[in-house]
Amino acid sequence: MASIQLNNVRKVYREGTQFVAVDGATFTVADGELMVLVGPSGSGKSTLLRMIAGLESITGGDLHIGERRVNDVAPRDRDIAMVFQSYALYPHMSVRQNLGFALTLQKRPRPEIEQRVRAAAGVLGLDAILDRKPRQLSGGQRQRVALGRAIVRDPAVFLFDEPLSNLDAKLRVQMRAEISALHRRLGATMVYVTHDQVEAMTLGDRIVVLHEGRIQQIGAPLHLYDHPANRFVAGFIGSPAMNFVEGRMQGGAFVAAGDAFRFAVPPAWTQPLRAFDGKPVTMGIRPESLYAPRGRPSDAPLGTGAFTVEGLEPLGNEIFVHARAGEHRVTSRVLPQPLPAPGEPLELAFDLGKLHFFDPETERSLAPGAGSAR
Ligand code: ADP
């Protein structure tokens, strides 16, 4: 096992014009940690992973795996195993042969190969299908064989590039749980790339959020959820997404959408918002912190806003309420309850202890201590 250390790692593609795909990535994946790289398409996640794997050259900075600087070390000498979205199994080989292939290439003794293949098959529940060919397997089984091929090699580091994207939703949830269990069982260092924030939240010990080649924030899933460093992270982590309301500060009160929102900011925000008096500021509130009449917490300080219902999405165990005040639209996530029909008024309450504020120009969080992205 090993840690991975990136120090100001950059990638500039030079095909035609120059394009900075990864701009100064600095972070450490601890020995035994599962680190998720998440961001929208094109944010540089795969490029970053492929640089760790050695499949893409590094334009600048230093990459260490364990004690060794590996910038110029060939992929096969980095002691890594990679699992891709496409399983890339050998169609003419059995599951057993697929699992053992890397070891066969290394000319390992046959009993050792047998033993390591059997151990990996045991971990992944593949014992009963070792003699099948890939075409005789389901999608989930194929992905498990691809995982098994990585395990058999007993690498210092596992790298995953969107390995579950080809699976249907139900299987994805199941495989996610299996990878999580595998991580606990092997205690291995893993880096996992996904565009899916739910996958990132449920799998990662920590998450690196990327946007346009830059790291936005690094932290434990719930830390990112509760303390987003900027508006991008706030909007990207969480579903339905955080609501943002553009308003301004007036003598210690936040005012927006005519008068739909007008409330004195809670004491914790007085100091951080002082410099914004008379100026625009962006308020953020998560859908679950906006309450319809039923389900309002009795022990939290509440503010209220006057809205018009635009649409209701009843999901059985909860309802998404889409509401509007002036040009401001918000989504609220509430308990099942009778609600006004679209076009009718609805008062939504919000938890004053769960507000976020952002500088509209820099988009940084104004929360005390949120200055750094780490
Ligand atoms: P992600 O994995 O987050 O979707 P990528 O790392 O694949 O993002 O790509 C990051 C950016 O780099 C994208 O804008 C992409 O178009 C660009 N890019 C990726 N590979 C190349 C390449 N070989 N040449 C030029 N640009 C590339």
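Cut-off values and rules
Residues numbered from 1 in each chain as written. Predicted model: local features only at pLDDT ≥ 70, side-chain atom pairs only at ≥ 80, totals over all residues. Heavy atoms only, no water. Helix = DSSP H or I, 4+ residues; strand = E, 2+ residues; numbered from the N terminus. Contact = heavy atoms within 4.5 Å. Pairing = 2+ DSSP bridges. Axes fitted to C-alpha atoms, helices over the stretch in contact; angles between N-to-C directions. Buried < 20%, exposed > 50% of the residue type's maximum accessible area, 1.4 Å probe, protein only. Domains from an automatic or database assignment. Buried area = accessible area lost by both parts, 1.4 Å probe. Salt bridge = Lys/Arg side-chain N within 4 Å of Asp/Glu carboxyl O. Polar contact = N/O pair within 3.5 Å; in protein donor to acceptor, adjacent residues only side chain to side chain.

Some remarks on the side chain of Thr 47
- Mapped onto the elements, Thr 47 comes out in helix H1 (residues 45-53).
- Those residues in contact with Thr 47 that sit more than four places away from it in its chain are Lys 11, Tyr 13, Ala 21 and Val 22.

Observations regarding the sheet that holds strand S10 (residues 214-219)
- Read from one edge to the other, the open sheet built from 6 strands follows the order S6-S7-S8-S3-S9-S10, with strand pairing classed as mixed. Strands with a single pairing partner mark the edges of an open sheet, and in this sheet they are strand S6 (80-83) and S10. On average, adjacent strands in this sheet sit at an angle of 15° to one another, irrespective of strand direction.
- For strand S7 (residues 157-161) and strand S8 (residues 189-194), the ladder comprises 5 bridges, and the chain directions are parallel. Paired with Phe 158 across the two strands is Met 190, which belongs to S8.
- On the sheet, helix H4 (residues 139-152) packs against S6 and S7 and is oriented at approximately 175° with respect to S6.

Side note on the pairing of strand S3 (residues 34-38)
- Burial within S3 is extensive, with 5 of its 5 residues counted as buried.
- The alternating pattern of S3 places Leu 34, Val 36 and Val 38 and Met 35 and Leu 37 on opposite faces, both of which are buried.
- In terms of strand pairing, S3 meets S8 through 5 bridges, oriented parallel. Within S8, the position partnered with Val 36 by the bridge is Tyr 192.
- Bridge count between S3 and strand S9 (residues 206-211): 4 bridges; the pairing is parallel. Counted as the bridge partner of Met 35 is Arg 206 from S9.

Here we look at the domain arrangement of the chain
- Taken as a whole, the chain is organised into domain 1 (4-235) and domain 2 (240-358).
- If you average the C-alpha positions of domain 1 and of domain 2, the two centres end up 39 Å apart.
- Taken together, the contact pairs 8 residues of domain 1 with 9 residues of domain 2.
- For the pair domain 1 and domain 2, the summed buried surface comes to about 710 Å²; carbon and sulfur atoms form 54% of the total.
- Ranking the residues of domain 1 by area buried against domain 2 places Tyr 225, Arg 231 and Ala 234 at the top, with a combined share of 72%.
- At the boundary of domain 1 with domain 2, the tally comes to 1 salt bridge.
- Among the salt bridges present, the one from Arg 231 reaches Glu 246, with a minimum N-O distance of 2.8 Å.
- At the surface where domain 1 touches domain 2, the tally comes to 3 residue pairs in polar contact (both at pLDDT 80 or more).

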